[in-house]
Amino acid sequence: MNSLRRVPLLVVLAAALLVVGVVSSLAKNGDNSQLPSALALNGRAESTALYCTGFSDQKLGESGRVIFLNTTNQSHLVTIDDVSNTGDATSKEVTLHAYQQFGFNPSAGMHGDYFGVGAQVSGGGVVGVQVTRGHTSEAPCISTGVTNWFGAGFDTTVGSSAILSVYNPTATPAVFNVSTFSSSGYVAPAKFQGYAVGPHSQAEIHLGTEIVNMSDVGVHVRVLRGTLDIVGLQQSGPTVSFNTGVHAAATSAIFPLVTTANNATAQIRLSNPGPTPANVTLAVTLAPFHVPNQTLTVPPYGSTVASITPNPAIPAAGNASVVMNASQPVIAALATGSGNDVALSAPQSPEPEFLVGDFTGNGFDNVTVTNTSSRSMSISVVSLPNSRSGQPRTAQLRLSANSSETLRSEFPTDPHLRGIDVIVAAPRPSLSALLVTAALPTRPAGMTVVSALDGR
């Protein structure tokens, strides 16, 4: 009799386990090629975090600023921790009122050579960006650490330096390995294996100490314990750039804003982290011209450069869009500049929402919005009120499938988009199909390409 009474309970437990199993099997892992996003976090979240790295003392050339922006109409308290590679640390609290910005130089008043920043925000809707002192690059602060990081295009030749800036945002030590891919093949220097970073600490890896006098170097950082915020710093002559990298090598990437201007350099730099040759096709769109596909092969554990500008097959006619497809996963980066003075930028992952902010105060040469989906969509463009712009304004931008449009038409009074803070969003929060890419003012145009904030 007692055993019969147990049957319904056993049935219920078995059914519950079955449901859990089905739900677990249906749950999808996030695309590990995408960086963790925070911009779309609910503004009512109890707390959020932002981590930024890639700053040096001014004498070392990679100094810059961290800027936090409140995208909501509510005030938020931000607790900021600033640490150096020598163990120096400071902490401060800042209240960000509605749509307010706060910026500071992490090296100011600190002892050390390189610096990392962690910020704890009461609530959601605050984003962070880091800007180089010379306004030659920007990168988003991220919301969580990573366990794999890939970057391409680094240069350690004479007159250049390549550094991995590493910040441990957790309360436990982190350990990682660094390997590289170049014309010398696969290299995993002993000095870069089992590298430890203490809790809430900053460290840096100078690639040139082991990868000597090499151009077009791909990098893989594998975190063995903990999670890390990693940014690649490339200094080429007077130009400093942030290479934010990706979480995984990929068979496709889009570069929506690639200059073809005279006297400019634009390259797609590719590294192959695998044992099989990668056949790569670059489809170049440059209206009204028909440009033949550019094809090349990246050897196993090697690197290759595809020149977009100068290139006799590609006219000098403004900005082109370049779509990469590869037979094997590769690491890609866009290198732009003039002569040997180039800046690196990593490909973006499509997101449902981006923020375009004029954090330098100089505006932009161009800002493009790209629809990566196979269907047309109506994009909302919401201007946030700030001290430099007028009243908030909402507009709609219609994008055809797999097409790009400039934001200039939405701001006819200032084609350089000075002083704007704009959220560009897909019609549904679940639709990760947008890319937003900007070019800071340069001559020739298009030599400083930056990603709009996706709040990573």
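Look up: the structure comes first, before these words.
Residues numbered from 1 in each chain as written. Predicted model: local features only at pLDDT ≥ 70, side-chain atom pairs only at ≥ 80, totals over all residues. Heavy atoms only, no water.

Participant: Looking at this structure, how should I read the pattern of salt bridges?
Facilitator: Two side chains bearing opposite charge may form a pair once their charged atoms approach each other closely. Summed over the entire model, instances satisfying the criterion amount to 2 salt bridges. Of the charged contacts in the structure, one is a salt bridge between Asp-365 and Arg-443, with a shortest N-O distance of 3.5 Å. Of the two residues, Asp-365 sits in the loop between strand 25 (353-357) and strand 26 (366-371) while Arg-443 sits in the loop between strand 31 (434-439) and strand 32 (449-451), which places them 78 residues apart along the sequence. The buried category is assigned to Asp-365, whose relative accessible area is 7%. Assessed through its relative accessible area of 65%, Arg-443 is described here as exposed. (Salt bridge = Lys/Arg side-chain N within 4 Å of Asp/Glu carboxyl O. Helix = DSSP H or I, 4+ residues; strand = E, 2+ residues; numbered from the N terminus. Buried < 20%, exposed > 50% of the residue type's maximum accessible area, 1.4 Å probe, protein only.)

Participant: Would you take a moment to explain the state of the cysteines for this structure?
Facilitator: Enumeration according to the criterion identifies 1 disulfide in this entry. Each sulfur in the disulfide pair Cys-52 and Cys-141 lies 2.1 Å from the other. With the S-S bond torsion at 105 degrees, the cross-link from Cys-52 to Cys-141 turns out right-handed. Of the two residues, Cys-52 is situated in strand 1 (residues 47-56) and Cys-141 in the loop between strand 8 (138-140) and strand 9 (148-154); the sequence distance between them amounts to 89 residues. Cys-141 matches Cys-52 in its accessibility class, with the two residues each being buried. (Disulfide = S-S within 2.5 Å.)

Participant: What is the right way to look at the environment of Ala-445 in this model?
Facilitator: Residue placement: Ala-445 occurs in the loop between strand 31 and strand 32. Between the C-alpha atom of Ala-445 and that of Thr-260, which follows or precedes it by 185 residues, the distance is 9.0 Å.

Participant: Just checking my understanding: could you explain the sheet that holds strand 6 (residues 114-122) for this structure?
Facilitator: Think of a sheet as strands paired side by side through backbone hydrogen bonds, with each pair either parallel or antiparallel. If you trace the 4 strands from one edge of the open sheet to the other, you get 1-6-3-4, paired in antiparallel fashion. Lying at the two open borders of the sheet, with one neighbouring strand each, are strand 1 and strand 4 (89-96). Put simply, the sheet's adjacent strands are angled 20 degrees from each other on average, direction ignored. Pairing analysis gives 8 bridges linking strand 3 (residues 76-84) to strand 4, with the strands arranged antiparallel. Looking at strand 4, one finds that Ile-80 is bridged to Lys-92. (Pairing = 2+ DSSP bridges. Axes fitted to C-alpha atoms, helices over the stretch in contact; angles between N-to-C directions.)

Participant: How do you make sense of the pairing of strand 2 (residues 64-70) when you look at a structure like this?
Facilitator: The side chains of a regular strand alternate, residue by residue, between the two faces of the sheet. In terms of burial, strand 2 is a largely internal element, 6 of the 7 residues being buried. One ladder, built from 7 bridges, connects strand 2 with strand 7 (residues 126-132); its direction is antiparallel. The residue of strand 7 that forms the bridge with Phe-68 is Gly-128. By the bridge criterion, 4 bridges tie strand 2 to strand 5 (residues 101-104) in an arrangement that is antiparallel. What sits directly across from Val-66, in strand 5, is Phe-104.

Participant: Help me understand the packing of aromatic side chains in this model?
Facilitator: The description of an aromatic ring pair uses the distance of the two centres, along with the angle that the planes make with each other. Counted by the stated rule, this structure contains 7 aromatic pairs. Aromatic rings pair up to connect Phe-181, Tyr-186 and Tyr-301 into one cluster. The positively charged end of Lys-92 is found above the aromatic ring belonging to Phe-104, 4.1 Å away from the centroid. (Phe/Tyr/Trp six-rings, centres within 6.5 Å; stacked < 30°, edge-to-face > 60°. Lys NZ or Arg CZ within 6 Å of the ring centre and 35° of its normal.)

Participant: Explain the layout of surface pockets here, please?
Facilitator: Where empty space is left can be seen by rolling a probe of water-molecule size over the atoms. Computed from the structure, the largest pocket encloses a volume of approximately 410 Å³. Elements that contribute at least two residues to the lining of the largest pocket include exactly strand 18 (250-259), strand 20 (278-285), strand 23 (319-338), strand 26 and strand 29 (403-406). A per-class count over the lining of the largest pocket returns 8 nonpolar, 12 polar and 1 charged. (1 Å grid on protein atoms, 1.4 Å probe; cavity = no way out; pocket = protein on both sides within 12 Å on 5 of 7 lines; lining within 4 Å. Points joined across faces, edges and corners; volume = space filled by probe spheres on them. Nonpolar A, V, L, I, M, F, W, Y, C, P; charged D, E, K, R; others polar.)

Participant: How should I be thinking about the sheet that holds strand 28 (residues 393-399) in this particular structure?
Facilitator: Taken together, the 4 strands give an open sheet; going across it, the order is 25-30-27-28, and neighbouring strands pair in antiparallel fashion. Of all strands in the sheet, those with a lone pairing partner are strand 25 and strand 28, marking the two edges. With direction set aside, neighbouring strand axes in the sheet form an average angle of 20 degrees. Inspection of the sheet shows strand 27 (residues 377-383) paired to strand 30 (residues 421-425) by 4 bridges, in the antiparallel sense. Bridge pairing links Val-382 to Ile-423 in strand 30.

Participant: Looking at this structure, how should I read unusual backbone geometry?
Facilitator: Leave glycine aside and you will find that most residues have negative phi; peptide bonds, for their part, are mostly trans. Of the consecutive residues Thr-309 and Pro-310, the connecting peptide bond is found in the cis state with omega at -5 degrees. Along the chain, Arg-443 connects to Pro-444 via a cis peptide bond; the corresponding omega equals 0 degrees. Note that Pro-444 resides in the loop between strand 31 and strand 32. One non-glycine residue with positive phi stands out, namely Tyr-99, at about 60 degrees. Along the chain, the position of Tyr-99 falls in the loop between strand 4 and strand 5. A relative accessible area of 24% means that Tyr-99 is categorised as partly exposed. Residues other than glycine seldom take positive phi values, yet His-200 does so here, at roughly 50 degrees. A residue is classified by how much of its surface remains accessible, and His-200, at 40% relative accessible area, is partly exposed.

These figures capture arrangement, not role.
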